[in-house]
Amino acid sequence: MTESAASLIVYPSPFPIKVMGQRVDGFVQAVTLIARAFDPQFDASTIELRESKGGKYLGITITVIATSREQLDELYRTLSTHPMVKVVL
């Protein structure tokens, strides 16, 4: 089975990613820069933010245009290893 036949995602397509971390200065900007590195057309106005109940954490939803499985894998790796990021879904 080829990779394209095995994938449930049709490329290119919008792909939402949730990123969570502590609510600190620069967190949203850091995630935005990473998103733009993988999707040059990334529109920061589409970012959705959600604070935790206690206000200590921030959830960020970004929607990138996914062009390949490799792009998504590398984007997840880059986000997951950033020091401000706690979880990527």
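Here the structure is shown first, and the text comes after it.
Basis of the calculations
- Residues numbered from 1 in each chain as written.
- Predicted model: local features only at pLDDT ≥ 70, side-chain atom pairs only at ≥ 80, totals over all residues.
- Heavy atoms only, no water.
- Pairing = 2+ DSSP bridges.
- Helix = DSSP H or I, 4+ residues; strand = E, 2+ residues; numbered from the N terminus.
- Axes fitted to C-alpha atoms, helices over the stretch in contact; angles between N-to-C directions.
- Contact = heavy atoms within 4.5 Å.
- Buried < 20%, exposed > 50% of the residue type's maximum accessible area, 1.4 Å probe, protein only.
- Polar contact = N/O pair within 3.5 Å; in protein donor to acceptor, adjacent residues only side chain to side chain.

A. Highlighting the sheet that holds strand S2 (residues 48–51). Reading across from one edge, S2-S3-S1-S4 is the order of the four strands in this open sheet, with antiparallel pairing throughout. Either end of the sheet is taken by a strand with one partner, and the two such strands are S2 and strand S4 (85–88). Within this sheet the neighbouring strands show an average axis-to-axis angle of 25°, counted without direction. Relative to strand S3 (residues 57–66), helix H2 (residues 27–38) is tilted by about 15°, and along the sheet it contacts strand S1 (13–22), S2, S3 and S4.

B. Representation of the side chain of Gln71 in the model. As for its position among the elements, Gln71 is in helix H3 (residues 69–80). Take Gln71: its relative accessible area is 10%, and that puts it in the buried class. Within the structure, Gln71 has its side chain in polar contact with the backbone oxygen of Phe38 (distance 2.8 Å). Every residue in contact with Gln71, bar those within four places of it in the chain, is listed here: Phe38, Ile65 and Ala66.

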